[in-house]
Amino acid sequence: SAVGQSKGGDGRTKALAAMSNSRLRELIRSVRECKTAAEEREVVAKESAFLRASFKKEDVAHRHRNIAKLMFLHMLGYPTHFGQMECLKLIARPSFAEKRIGYLGLMALLDEKQEILMLVTNSIQQDLKVKNQYTMGLALCALGNICSAEMARDLATDVKRLMRSQTIYLKKKSAICAVRLVQKAPELALDFKEEALALLDERSHGVLLGAVTLALELCKLDPTGEPIQWFRKKVHNLIKMLKHLTTSGFGRKDHHVKGVPDPFLQVQILHLLRLLGRKSPEMSDLMSDVLAQVASNTDGSKNAGCAVLYECALTIIEIESTGGLKVLAVNILGKFLGHRDNNMKYVALDTLIKVVAIDPKAVNRHKNVIVQCVQDADISIRRRALDLACALVNDGNIEVFMEVLLQFMEDSDVSFKPKLVEKICLLVESHATSPQWHVDTMAQLLEKGGAHMQDRSARAFLVMISATPSVQGYAVRSLYRCLFDNLDQASTNLLTVALWCIGEFGEKLLSGEGLLSDEIPLKVNEAEVLALIEQVMKGGAQSREVMEYALTCLVKLSDRFPAKRAQVQDILSRYKQSSLLELQQRACEFRKLFDHDKVLSQVLEAMPSLLEGGAEDGGEESQGNG
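Residues numbered from 1 in each chain as written. Predicted model: local features only at pLDDT ≥ 70, side-chain atom pairs only at ≥ 80, totals over all residues. Heavy atoms only, no water.

Engineer: Hey, could you run me through the nonpolar core in this one?
Structural biologist: Side chains of a nonpolar character, in soluble globular proteins, are inclined to be buried together. By size, the foremost hydrophobic cluster in this structure holds 205 residues, and its most contacted members are Leu-106, Phe-231, Ile-502 and Ile-533. For Ile-533, the contacting residues outside a window of four places in its chain are Leu-499, Ile-502, Ala-550, Cys-553, Leu-554 and Leu-557. (Core = buried A, V, L, I, M, F, W, Y, C linked by side-chain atoms within 4.5 Å. Buried < 20%, exposed > 50% of the residue type's maximum accessible area, 1.4 Å probe, protein only. Contact = heavy atoms within 4.5 Å.)

Now the structure itself:
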């Protein structure tokens, strides 16, 4: 028995040893063969145990392999903190292969918040001073990924030294590393001034890309704008680079993307030119020609070309460019609106919203495409297109835009209607061509989208009616027609607005006061008006708010229609025992008013013009229901 146990123990030990020494590909295969999450956890738990045991035994021969497996476990989301020190030990090894795995593990398993990172500063500093450029490149790459503020201050001098190196490989690596250093320690920006300026004179693609990226970061980090003054001295160099890229494809062909010469470098140069030309007419004049050249010569049929054109358009818009150049930028964005890629549509719409304030006429040329975007299947594009369309509206084109928006509102998604209705209301309030048009549009909106209208918009409409006596008769007749035609499906906002107007201006329903020349006369009598209100109250599904408005409307009409006072009293009496306390109280108080004939007419007379502030208060105050 003892012998059997001994043999079994030896077998398990060998199996464990074999699994511990297995290669990364074998671990990946074992994980992939797991059919359940439980099996995967079991494999990972065993492998983690083997790795811990190996680290404890200081297994130098297989340390780099174990770190590779640890990174795989980290990618799967399992804890790997127990192997962090092993990365530091690998970095300290003289072999490049081991250093490479060590630095890779350092960047994957640690971040700048780890206290253990303090221990690696010395190793990185030593590697930045070796003769092997690839070892220095590893150290720069790691520093650029996990550098903390303390490490940035400690190693800035070494990075600056490498930026002055004769080796292109080290220049580009150190330039990108410097970006991270100034991000973590902005006070170092001045220290990198000379090196950043010198790198902009290079011709290597990688070095230029790193140098322009560093210049951008320095300009963004300093709110005083001092770095912008430094780099304005290099505008001629930047323009020359951009011109070469556009015309002769400056640089190697392997930097081209779908036929577009080095789009990444072009985009970064354009971005930097945008910062340098902002609020500087002199700089803007210098770069105008090359911007027009980029806009004209870049192929917009490919995504890479679209990226360059978009950045070019942004630059033209933000610098002090001429009107003709701005029109060219707007036309570029207008073409993006018809692009099949939704991302291109969105960024174009987002940018055109900013341009409207600068040159609305140029944007207005693309209004047909913008209106089509309002009907796009993508909700985010619809929202931005709606914002842009509303920004284009003025007193001269409000009626044309409104026809399109109202038509679109009927076919739009329910989730989009509230925003659309809100925008329409704001446009009508701001740009109404006449009180009659205002009433017609709002009545149509209440009829088709009243359920999605905000209370603020409905009250603002009532403020306009109460403050415009010439349109009160037309408004009450229009709203009466809307309510009569849509009684079965009327929204709360339509009901409350119509009831308020009928209560306030009920006499104008019958007299035809304020009849407009193109208005069809309304033939209605007192009994029909009261019957309509009774139908509203008998709906059963009406909200408490609508019932309150209806009771108030009835008691107001008792003064407008004296012959129907007894009928109104009878209707009010039915609600004196309502289960809703507010309705019961109103019915009782309104019913009691009829016992005081001397003050009845004074209490029920038409309200004075509502103030704008009243439209923002509670519904009862603005409606005279209090």
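Engineer: It is not clear to me how unusual backbone geometry should be interpreted in this structure. Could you clarify?
Structural biologist: A negative phi holds for most residues other than glycine; trans holds for most peptide bonds. Here Asp-262, not a glycine, exhibits a phi torsion of approximately 40°, which is positive. Position of Asp-262 among the secondary structure elements: in the loop between helix 14 (235–247) and helix 15 (263–277). Positive phi outside glycine occurs at Lys-279, with the angle close to 60°. Within the secondary structure, Lys-279 sits in the loop between helix 15 and helix 16 (281–297). (Helix = DSSP H or I, 4+ residues; strand = E, 2+ residues; numbered from the N terminus.)

Engineer: Is there a simple way to think about the packing of aromatic side chains in this case?
Structural biologist: The geometry of an aromatic ring pair is captured by the separation of the ring centres together with the interplanar angle, meaning the angle of the planes. Taken as a whole, this structure holds six aromatic pairs when the rule is applied. Here Trp-500 and Phe-505 contribute two aromatic rings whose centre-to-centre distance is 5.9 Å and whose plane-to-plane angle is 75°, an arrangement assigned as edge-to-face. The exposure classification of Trp-500 matches that of Phe-505, with both residues buried. A cation over an aromatic ring shows up here: Arg-52 above the ring of Phe-82, its NZ or CZ 4.2 Å from the ring centre. The residue whose ring lies beneath Arg-382 is Phe-416, and the NZ or CZ to ring-centre distance is 5.0 Å. (Phe/Tyr/Trp six-rings, centres within 6.5 Å; stacked < 30°, edge-to-face > 60°. Lys NZ or Arg CZ within 6 Å of the ring centre and 35° of its normal.)

Engineer: Got a minute to help me understand the confidence of the model for the chain in this structure?
Structural biologist: Any region with low pLDDT has predicted coordinates that should not be read closely. The share of residues in the chain with pLDDT of 70 or more is 92%, and the mean pLDDT across the chain is 85. In the model of the chain, helix 34 (residues 619–623) stands out as the element of lowest mean pLDDT, 40, in contrast to helix 10 (residues 168–184), which has the highest, 93. Under a pLDDT of 50 for its full length, residues 1–20 has, in the predicted model, nine contacts with residues more than four places off or in other chains. Overall, residues 612–626 carries pLDDT values under 50, and its contacts beyond four positions in sequence, including any with other chains, amount to 32 contacts. (pLDDT = per-residue confidence, 0-100.)

Engineer: So what exactly am I meant to see when it comes to helix 8 (residues 133–146) here?
Structural biologist: Because each turn of an α-helix spans 3.6 residues, side chains separated by three or four positions end up pointing in the same direction. Taking 1.5 Å per residue, 14 residues should reach 20 Å; helix 8 reaches 20 Å between its end C-alpha atoms and fits that length. Listing the buried residues of helix 8 in full gives Thr-135, Met-136, Gly-137, Leu-138, Ala-139, Leu-140, Ala-142, Leu-143 and Ile-146. Here the buried face of helix 8 lies against helix 6 (96–109), helix 7 (121–127), helix 9 (149–163) and helix 10. One side-chain oxygen of the residue at the start of helix 8 lies 2.8 Å from the amide nitrogen of Tyr-134, identifying that residue as Asn-132. (Expected span 1.5 Å × (residues − 1). Polar contact = N/O pair within 3.5 Å; in protein donor to acceptor, adjacent residues only side chain to side chain.)

Engineer: Would you explain the environment of Phe-594 in this entry?
Structural biologist: Note on placement: Phe-594 falls in the loop between helix 32 (581–593) and helix 33 (597–603). For Phe-594, the residues in contact, after removing those within four places along its chain, are Val-555, Ser-558, Arg-565, Val-568, Gln-569, Leu-572 and Leu-600.

Engineer: I would appreciate a short explanation of the pattern of salt bridges in the present structure.
Structural biologist: Two side chains carrying opposite charge are able to pair once their charged atoms lie near each other. Per the counting criterion, the structure on display carries 33 salt bridges. Overlapping salt bridges, with partners in common, bring together Asp-350, Arg-384, Asp-387, Lys-419 and Lys-423 in one network. (Salt bridge = Lys/Arg side-chain N within 4 Å of Asp/Glu carboxyl O.)

Engineer: What's the story with the packing of helix 14 against helix 15 in this structure? I'm lost.
Structural biologist: Working note: a packed helix pair is described by the angle between its axes plus the distance between those axes. In the contact formed by helix 14 and helix 15, the axes pass within 10 Å of each other and the chain directions differ by 145°. Crossing geometry of helix 14 relative to helix 15 is assigned as left-handed. Every residue of helix 15 that contacts helix 14 at Val-235, Leu-238, Met-241, Leu-242, Leu-245 and Thr-246 is listed here: Leu-265, Gln-266, Ile-269, Leu-270, Leu-272, Leu-273 and Leu-276. Taken together, the residues of the contact of helix 14 with helix 15 break down into eleven nonpolar, two polar and no charged. (Axes fitted to C-alpha atoms, helices over the stretch in contact; angles between N-to-C directions. Left-handed = near helix turned anticlockwise from the far one by under 90°. Nonpolar A, V, L, I, M, F, W, Y, C, P; charged D, E, K, R; others polar.)

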